[in-house]
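# Tertiary structure, described
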Number of protein chains: 2
Amino acid sequence: MMTLKRHLLLISNSTLHGGGYLEHCQEQIQKFLGEQVKRVLFVPYALHDRDDYARTARKKFESLGYGLDSIHEAADPVEAVQKSEAIFIGGGNTFRLLKTLYDNGLIPVIRKRIFEDGIPYIGSSAGTNVATISINTTNDMPIVYPPSLQALGLVPFNINPHYLDSDANSKHMGETREQRISQYHEELDTPPVLGLREGCILLVEGNKAKLLGITKARLFLRGQAPTEHDPGHDFSFLLDQ
Amino acid sequence: MMTLKRHLLLISNSTLHGGGYLEHCQEQIQKFLGEQVKRVLFVPYALHDRDDYARTARKKFESLGYGLDSIHEAADPVEAVQKSEAIFIGGGNTFRLLKTLYDNGLIPVIRKRIFEDGIPYIGSSAGTNVATISINTTNDMPIVYPPSLQALGLVPFNINPHYLDSDANSKHMGETREQRISQYHEELDTPPVLGLREGCILLVEGNKAKLLGITKARLFLRGQAPTEHDPGHDFSFLLDQ
Ligand SMILES: [Ca+2]
Ligand SMILES: [Ca+2]
C-alpha cells in the first residue's frame with residue numbers, strides 16, 4: 001500500500017465543558033502544526049455569523065503563535081485553498097458546511113492539497129464529519145440540502161463526533177446515539193463508524209491513525225458488537241478500506 | 001380561503017415512557033378514525049424490519065377495532081394508497097422513510113388522497129415529519145440520501161417531534177434542540193417550527209389545527225422568541241401560509 005501524504009487532526013468537539021474554545025486540544029494542535037506552518041486557513045462555513053466565528057478562531061490561533069486567514073474574506077476561495085499552508089474547518093451545522101463546500105467548488109481542491117501536497121488539516125465537530133467519507137453520521141439537523149452526503153473522503157470511514165452514551169435514567173424515547181448508528185449499519189455496504197466522545201481526537205499521519213485525547217472512543221463495525229478503545233489506541237486498520 | 005379536505009393526526013412519539021406502543025394516543029386515534037374507517041394502510045418504511053413493524057402495528061390497531069394492511073405486503077404500493085381508507089405512517093428513521101416514499105412514487109398519490117379525497121392520515125414521529133412541508137427539522141441521522149428534503153406538505157410548516165428541553169446540568173457540548181432549530185431559522189424564508197414534546201399530538205381538520213395530548217408545545221417563528229402553548233391551543237394560524 002502506498003503511503004499517502006495525509007496529515008489530519010480530527011477533533012470531536014471544539015469546546016470541552018468548563019474549558020475555553022479549543023483549549024482541551026491546543027497542545028495537540030501546536031504539536032500537529034509544528035513550527036513550519038505560519039498561517040492557517042480557517043473555514044467558518046458551518047456557522048451563520050462568519051465574521052464573529054473568524055474572530056474567535058483568529059484569537060485562539062494567534063495565542064498559539066499562528067496567523068489565521070478566514071476563507072470567507074478571500075476574493076477567491078479556491079485560490080485561498082491553493083495557497084494555504086494548513087486548513088482548519090470548524091464546527092457548527094454539518095449540512096450547511098458541506099453544502100457551502102460544494103457551492104464554492106472546494107471539495108476537489110481541498111482533497112488535492114491534503115493527498116498530493118500533504119498540507120495539514122484540522123477538523124473539529126462538523127469539520128471532522130466533512131473530513132470523512134460522508135456526513136451520514138452527523139448529529140446535526142438537515143437545515144439545508146447539500147448536493148450529496150459524500151464529503152471530502154480524507155478517511156474511508158465515518159466518524160460520529162460528540163458521541164454520547166445513552167442515559168439509563170432518561171424518560172426520553174427518541175433513539176439513542178447507538179441506535180441511530182445501528183440504523184445506519186442496517187443499510188448495505190456501510191463503512192465503520194468511529195464514535196468520538198467529547199475529549200477524543202484522532203490523529204492520522206499517512207497510513208497510521210491513533211486516538212489522542214482524554215476519553216474513550218466507541219467503534220461500530222457493520223454486523224458486529226461495538227467495542228471500546230482507550231486513548232493511544234491504534235486505529236490504522238480503519239484506513240485499509 | 002377554501003376549506004381543504006384534510007384530516008391529520010400528527011403524533012410526536014409512538015411510545016411514551018412507561019407505556020405501550022401508541023397507548024398514550026389510542027383514544028385520540030379511535031376518535032379521529034371514527035366508526036366509518038374499517039381498515040388502515042400502514043407504512044413501515046422508517047424501520048428496517050418491516051414484517052416485525054407491521055406485526056406490532058397490526059396488533060395495536062386490531063385491539064382498537066381496525067384491520068391493518070401493511071403497504072410493504074402490497075404488490076403495488078401506489079394502488080394500495082389509492083384503495084386505502086386511512087393511512088398511518090409510523091416512526092423510525094425519517095431519511096429512510098422519505099427516500100422510500102420517493103422511490104416508490106408515493107408522494108403525489110398520498111397528497112391526492114389527503115387533499116382531494118379527504119382520507120384520514122395518522123403520522124407518528126418520522127411519520128409526522130414527512131407530513132409537513134419538509135424534513136429539515138427531523139432529529140434523525142441522515143443514514144440515506146433522499147432526492148429532496150421536501151416532504152408530503154400536508155401542512156405548510158415544520159414540526160420537530162420528540163422536542164426536548166435543554167438540560168441545564170448537562171456537560172455535553174453538542175447543540176441543544178433549540179439551538180438546532182434556531183440555526184434552521186438563520187436560513188432565509190424558513191417556515192415556523194412547532195416543537196412537539198413527547199406526549200403532544202396535533203389535530204388538523206381542514207383549516208383548523210389544535211394541540212391535543214398532555215404536554216406543552218414550543219413554537220419557533222423565524223426572528224422571534226419561542227413561545228409555549230398548552231394542550232387545547234388553537235394553532236390554525238399556522239395553516240395560513
Ligand atoms: Ca454541530
Ligand atoms: Ca426517529
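Per an unreviewed UniProt entry, chain A carries the name dipeptidase E and comes from Pyxicephalus adspersus.

For the calcium ion (ligand 1), the full set of protein donor atoms is A:Gly92 (O), A:Asp140 (OD), A:Asp140 (OD), B:Glu175 (OE) and B:Glu175 (OE), at a range of 2.3 to 2.9 Å. Residue A:Gly92 is found in the loop between strand 4 (87-89) and helix 4 (94-103), and its partner B:Glu175 is found in the loop between strand 6 (158-163) and helix 7 (177-186); the two belong to separate chains. Taken individually, A:Gly92 and B:Glu175 each receive the classification buried, so the pair is uniform in this respect.

Moving on: the pairing of strand 1 (residues 7-11) of chain A. Residue and element names in this part refer to chain A. The element strand 1 is largely enclosed, with a buried count of four among its five residues. Across five bridges, the pairing between strand 1 and strand 8 (residues 200-205) is antiparallel. For His 7, the partnering residue across the bridge sits in strand 8 and is Glu 205. Pairing geometry for strand 1 and strand 5 (residues 121-124), over four bridges, is parallel. Following the sheet pairing, Leu 9 is matched in strand 5 by Ile 122.

Now for the relation of the copies chain B and chain A. With an RMSD of 0.0 Å, the operation that places chain B on chain A is a rotation of 180 degrees combined with a shift of 0.0 Å along the axis. Taken together, the rotation and translation describe the operation of a two-fold axis. The residues that chain B uses at the interface reappear at the interface of chain A in 100% of cases, marking a shared surface.

In this structure the tally under the stated criterion is three cavities of 30 Å³ or more. Here the largest cavity is characterised by a volume of approximately 50 Å³. Together, A:Gly92, A:Thr94, A:Ser125, A:Ala126, A:Asn129, A:Thr138, A:Asn139, A:Asp140, A:Pro161, A:His162, B:Glu175 and B:Arg180 line the largest cavity. Going through the elements one at a time, helix 6 (126-129) and strand 6 (158-163) of chain A are the ones with two or more residues in the lining of the largest cavity. Class assignment of the residues belonging to the lining of the largest cavity gives a composition of two nonpolar, seven polar and three charged.

Right, let's talk about the interface of chain B and chain A for a bit. Many structure descriptions define interface size as the accessible area lost when the parts assemble. Taken together, the contacts link 41 residues of chain B with 41 residues of chain A. Area buried by chain B at its contact with chain A is led by B:Met141, B:Tyr145 and B:Met173, which between them contribute 20% of it. Applying the counting criterion to the chain B and chain A interface returns six salt bridges. Residues A:Glu187 and B:Arg96 are paired through a salt bridge, measuring 2.9 Å at the closest nitrogen-oxygen approach. Summed over the shared surface of chain B and chain A, the result is 27 residue pairs in polar contact (both at pLDDT 80 or more). Those elements that place two or more of their residues in the side of chain B that touches chain A are helix 4 (94-103), strand 6 and helix 7 of chain B. Ranked by the residues each element gives to the side of chain B that touches chain A, the list is headed by helix 7 of chain B, at six residues. Residues of the side of chain B that touches chain A, tallied by class, amount to 16 nonpolar, 16 polar and nine charged.

This brings us to the layout of surface pockets. Within this model, the largest pocket holds a volume of roughly 1,300 Å³. A:Leu164, A:His172, A:Arg177, B:Leu164 and B:His172 are the residues nearest the centre of the largest pocket, which is lined by 38 residues in total. Listing elements by their share of the lining of the largest pocket, those giving two or more residues are strand 6 and helix 7 (177-186) of chain A together with helix 7 of chain B. Classifying every residue of the lining of the largest pocket by side-chain character gives six nonpolar, 16 polar and 16 charged.

Now for the pattern of salt bridges. Pairs may arise between side chains of opposite charge once their charged atoms sit close together. Within the structure shown, the criterion is met by 34 salt bridges over all chains. When the shortest N-O distance is used, the salt bridge between B:Asp117 and B:Lys112 registers 3.8 Å. B:Asp117 gets classed as partly exposed once you look at its relative accessible area, which sits at 35%. A relative accessible area of 40% places B:Lys112 in the partly exposed class. The salt bridge partner of B:Asp165 is B:Arg197, with a shortest N-O separation of 2.8 Å. Of this pair, B:Asp165 sits in the loop between strand 6 and helix 7 while B:Arg197 sits in strand 7 (residues 193-197), placing them 32 residues apart in sequence. Overall, the relative accessible area of 43% leaves B:Asp165 in the partly exposed class. Relative accessible area serves as the criterion here: at 12%, B:Arg197 is assigned to the buried category. One network of salt bridges, with partners in common, ties together A:Asp165, A:Glu178, A:Arg197, A:Arg218 and A:Glu228.

With that out of the way, let us pick up the packing of aromatic side chains. If you walk through the whole model with that rule in mind, you get 11 aromatic pairs over all chains. Centroid distance B:Phe61 to B:Phe88: 5.2 Å. Interplanar angle 35 degrees. Geometry classified as tilted. Placement of B:Phe61 in helix 2 (residues 50-63) and of B:Phe88 in strand 4 (residues 87-89) is noted, with a sequence separation of 27 residues between them. Residue classification places B:Phe88 among the buried residues on the basis of a relative accessible area of 0%. Note on B:Tyr163 and B:Phe220: the rings are 5.7 Å apart at their centroids and 50 degrees apart in plane angle, and the pair reads as tilted. Of the two residues, B:Tyr163 is situated in strand 6 and B:Phe220 in strand 10 (residues 217-220); the sequence distance between them amounts to 57 residues. Each member of the pair, B:Tyr163 as well as B:Phe220, carries the same accessibility label: buried. Each residue in the set A:Phe42, A:Tyr53, A:Phe61 and A:Phe88 is aromatic and connected to the rest through ring pairs, giving one cluster.

Conventions used here
Residues numbered from 1 in each chain as written. Chains lettered and ligands numbered in written order. Predicted model: local features only at pLDDT ≥ 70, side-chain atom pairs only at ≥ 80, totals over all residues. Heavy atoms only, no water. Donors = N, O, S within 2.8 Å, 3.2 Å for Na, K, Ca; no water. Helix = DSSP H or I, 4+ residues; strand = E, 2+ residues; numbered from the N terminus. Buried < 20%, exposed > 50% of the residue type's maximum accessible area, 1.4 Å probe, protein only. Pairing = 2+ DSSP bridges. Least-squares fit on C-alpha atoms with pLDDT ≥ 70 in both. Contact = heavy atoms within 4.5 Å. 1 Å grid on protein atoms, 1.4 Å probe; cavity = no way out; pocket = protein on both sides within 12 Å on 5 of 7 lines; lining within 4 Å. Points joined across faces, edges and corners; volume = space filled by probe spheres on them. Nonpolar A, V, L, I, M, F, W, Y, C, P; charged D, E, K, R; others polar. Buried area = accessible area lost by both parts, 1.4 Å probe. Salt bridge = Lys/Arg side-chain N within 4 Å of Asp/Glu carboxyl O. Polar contact = N/O pair within 3.5 Å; in protein donor to acceptor, adjacent residues only side chain to side chain. Phe/Tyr/Trp six-rings, centres within 6.5 Å; stacked < 30°, edge-to-face > 60°.

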